[in-house]
Amino acid sequence: MNVTQVETADISSAAYYSIEIGNTATQPPKNQHAIDDYWELPKPTGTVQPYAPDAASPLEQPPSGKSDVFGQGEAAALEDTPLPVPSQQVCVAQAAEPNGLPAELLLGALWPTSTLNHHIGVLDRGGVPQFKNIAVPNVAFAIDAAGKYSAAGADAYFACAEFKSPENRKAENAVQTNAFWLDLDCGEDKAASGKGYASINVAKRALADFCAATGLPASTHDVESGYGLHIYWALDNPVSAAEWTAFALKLKALAKHHGLLADPSRTADISSVLRIPGTQNHKTQPGRAVTLVKAEPCLARDHFLEAINTAYQELCVSTISTTTPPTPVSPSPALANYGPLSLPKLESALMHLDPACDEATWKLKRLAPMANAAREHPAMASVLEDLAKRWSSGELQGKPAAAWTAPGASNGITGESAFATEWARFKTGSYSGKPATLGTIFFDAKQAGWVDMGADLNAPVLADDQALQLQKARQTVQALLLKVKEGDFCAPLEDENATALAQIFSASAAEYQRVRAQLKMANKQVALGAIDMSMKASLSQGATAPTHHGYAKAIIKDLTVGQWAPVGHEGSLYVVNPVSNIWVRKEQGALEQSVAEAHDGNDNCKRRADYAAIALHSVSIVGSERFFADAPVGLACDGSFYRMVGDKPVIEPLTPAHRQRVSLPFTPAQQPTPLFDVFLHETFKSATEGEEAQQIALVQEIAGAVMLGVSHRYQKAALFYDPFGRAGKGTLESILRSLVPPEFVTAVSPFNWHREYHLVSLAGVRLNVVGELPDNEPIPAAIFKSVLGGDLVTGRNPTHRPISFKNEAAHIFTSNHLINSRDQSEAFFARWLVVEFPNSRLRSGLPLDPNLANRIIENELPGIAQWALDGAARLLRNGAFSASAVHERLMLKWRRSNSSLEEFIVEGCELDPGFQMRRSELYAEYKNWCGEAGRKPFAKSRVKELLEHNVGLGITLASLDGYEIFRGLRLKQATPRGTKQ
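The text that follows walks through the structure, step by step, so that each part is easy to find. Per-chain numbering applies: the sequence of each chain, read as written, is numbered from 1 onward. For a predicted model such as this one, the threshold for reporting local features is a pLDDT of at least 70, and the threshold for listing and counting side-chain atom pairs is 80 or more; totals across whole chains, interfaces and linings nevertheless cover every residue. Hydrogens and water are ignored here; the side-chain numbers use all heavy atoms of the structure.

1. Description of empty space enclosed by the protein
If a probe as big as a water molecule is rolled over the atoms, it shows which places are left empty. The line we're drawing: The pocket and cavity definitions rest on a 1 Å grid over protein atoms only: a 1.4 Å probe that fits but cannot leave marks a cavity, an open set with protein on both sides within 12 Å along at least five of seven lines marks a pocket, and residues lining either have an atom within 4 Å of a point. Grid points are joined across faces, edges and corners, and a volume is the space filled by probe spheres set on the points. Numbered from the N terminus, helices here are DSSP runs of H or I no shorter than four residues, and strands are runs of E no shorter than two.
Applying the stated criterion across every chain yields a total of six cavities of 30 Å³ or more. Approximately 60 Å³ is the volume attributed to the second largest cavity. Elements with a minimum of two residues in the lining of the second largest cavity: α23 (691-708), β24 (717-721) and β29 (810-815).

See the structure below:
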């Protein structure tokens, strides 16, 4: 591909190319979308003549305050916006780094594969924030283009990975990478916030300390980015995308464990872009040079991966499966392989360790390992803290620990007073001493006689609740072994211990036999025959009664997780997912299957009808309609709960006590949303001052109510109204859908709510969004008001019993017309929020962008979620949706179109609290007006009914001198009058 001609025509403020490929000339694009297509041309082959930006041409511009690197969630958020093509042809320029090493030394090391694709990114620091990825054919082209854009005031980046296609630099397109990297921010402000280092030199010392502590080799390439330090470990052979991600996560964990202040969003993001040496960092003016200050030979790939793996196994709690087993250099307890984190196993080990230990042991060998585990497992942090507290106080072993309540000899502080401070110190990683892992606790416990019982590999796979019961039984047996060893050879016959032995026997006969042998070894006086009899008696006592009620109780017990028994709600059973702490609905079919698997063939449990009846009964015996209704207002996502306290979110670890049934797969984040912002402006812009801001505020509150699941509390439905079409309704609808997991979204038209088989689909969902509505039939207003008003309604699945429920869904309807209704009551019209989409692209002739919603969702969803969260906070603070002049105008129009009476009042009457007229006079005038307008009048009694308490129009019925009058209106006067009737 050769650039042979550059024309100067201006299209949307961007020049364009005429590009010649072989002997075929590609004509200049005629619109902005064509320009976008030009940037996505396949990677050219052969000689490429690089280009330079025209300094006078407006480059696309980023938000201010950006980091030096961008990942898939930042720069990629803008990758589909058009970048103006440079407006003049130039020759290849030699890259120059007068204050550093040539950029080729870095890019050449990271981009060695000529058969794969590579990308640079360009970003400016003023105006509308935009970013563009550009596929480049080789290193020389990339460096030359980056230099020209930098000279024009733009920031230039390169994607570290190598990609399958030139179309994008998304993670799924990445094939491999030849390096690992870290981004260390520098500056007094970064140091003050705890997110970076005061200077480059301080950052370099921190990096050296990190490499020494972890055993990782020194970096091969260092780049001073102007406001930070970019670190690379370049490798002699590539690492596949999947394998790289696994090891990058370990590198990220090592940095976090050591306290190295590396940007966590970059370390394990294979789609990251970093600054190109030889360019300028234009974050502030004048710009600062981006300089390659170190370039050394590449490291051996396998040796570096092994170094990461070894350091990770030694210093971090294992959270990722490894491919290369660690090789211990000494019999350190931290290197022992005790398997994944298991709370019952940890409890059983702590049972053998005396809390009456010296202060150093308590802090460094007990609290530090558990706090470190809490940092690595945020979802279990509160449980681990509670366990540490129970062990420290002696509660775990049933023997009060003196050090917990007695003042220390050195500082006069009790263990109870010091606990919170010490736990926080170790959990936040501010402790800089030698790290200790849970392996220390297990090692010390083994020295004290603890037996790691492990698990029987031949035992059947158990459900989560059964596994939890088995772990509790193993914990009980560990305590039992201590008692027997101390001389109590009758302890196995106690009810609690016999029950635990029975549970182990039910799970694995082999494990039970091993326990018997351990008991006998602990004390020769143990009578194994008596233990067997006691265990079998416990088994028989725990047998389930052969009735539907007995089986239902057994199912509820089996599905109980810890203290959280299942909850019946609106005809469904909800159980706690022990991993996510979310309450999940167990479908009727799955519940029937559980019944069949547990009790099939027993008396009264032999047919499909039995399974169904038992499943339904299990729901009824734990029914609680208030359990979820009384849940705190907030948002569950990524193991955290954003509790709305007043009008502000407070982030807490998510637990079953939050009673959340919906969890988002992303987290709200304060990040720019340029595509979404432009979409909102283009959708709601108005010549009338204030209307755009009012409508956007209303949409923001609707989005927040949808995301938090509180829309039903305000008893409103949203109508997205666009009389022309193609004005953004569908795009906004798709964006709002993305704020709710798809399994909690449905589409049930209000015109079908009076049908019970349709109505039941609203049970348990968070969002009901419906496209175009019919204009030739009236909406069933009675059931509409019942659903929106929170009345108890009944629906039915064709294969199940009817269920009664109250609406919890937000309702959004899109339409090109105002809905037809025979109900002219205030109770009907007060249920609506009308949002107008006034800027139809069909009407204006502007091009359509069918992929806009997908691009916005893919790149800016966390920022949109934060925007919606802010809207929810305002809604909760005000107690009502914000006012909108557009809503008021359209509601008046809607009322008029549905009611001849209101149309008459608007056209023929004046409204004012001081006006009045007789009821008979008003009806006569109204009837005459209907005859002239060709409208059908309401009966006189119906007019009275509609106006006697019409809050919307401010009209009331009263009596005066024996006549019924309406207050608040009068007929329009032909000439101005100075007094009111």
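2. Quick notes on unusual backbone geometry
How we decide: Relative accessibility under 20% of the residue-type maximum defines a buried residue, over 50% an exposed one, and the middle range a partly exposed one, all with a 1.4 Å probe and only protein chains included.
Of note, the bond from Q285 into P286 is cis; its omega dihedral lies within 30 degrees of zero at 0 degrees. For P286, the position within the fold is in the loop between β14 (280-281) and β15 (288-289). Here N581, not a glycine, exhibits a phi torsion of approximately 65 degrees, which is positive. Here N581 shows up in the loop between β18 (572-576) and β19 (583-586). N581 sits in the buried class, given a relative accessible area of 13%.

3. A few points about helix α19 (residues 548-558)
Worth spelling out the cut-off: We call two residues in contact when some of their heavy atoms are within 4.5 Å.
If you check which residues of α19 are buried, you get G550, Y551, A552, A554, I555 and I556. Turning to α19, the residues buried within the fold contact β18, α20 (588-599) and α21 (608-621).

4. Concerning the sheet that holds β24
Threshold: Any two strands with at least two DSSP-identified bridges between them are counted as paired.
Taken in spatial order, the five strands line up as β25-β26-β29-β24-β30 in an open sheet, and their pairing is parallel. Single-partner strands in this sheet number two, and they are β25 (745-746) and β30 (832-836). Inspection of the sheet shows strand β26 (residues 767-770) paired to β29 by four bridges, in the parallel sense. Bridge pairing in β29 links V769 to I812.

5. Let's talk about the pattern of salt bridges
The condition that has to hold: When a carboxyl oxygen of Asp or Glu is within 4 Å of a side-chain nitrogen of Lys or Arg, the pair counts as a salt bridge.
Under the counting rule described, the total for this entry stands at 36 salt bridges. Between D185 and K190 there is a salt bridge; the shortest N-O distance is 3.9 Å. Here E701 and R874 are joined by a salt bridge, their closest N and O atoms 2.7 Å apart. Of this pair, E701 sits in helix α23 while R874 sits in helix α29 (residues 852-878), and the two are 173 residues apart along the sequence. Per residue, the accessibility class of E701 equals that of R874, and both read buried. One salt-bridge network, held together by shared partners, links E359, K363, E422 and R425.

Note that all results are geometric; they support no functional claim without further evidence.
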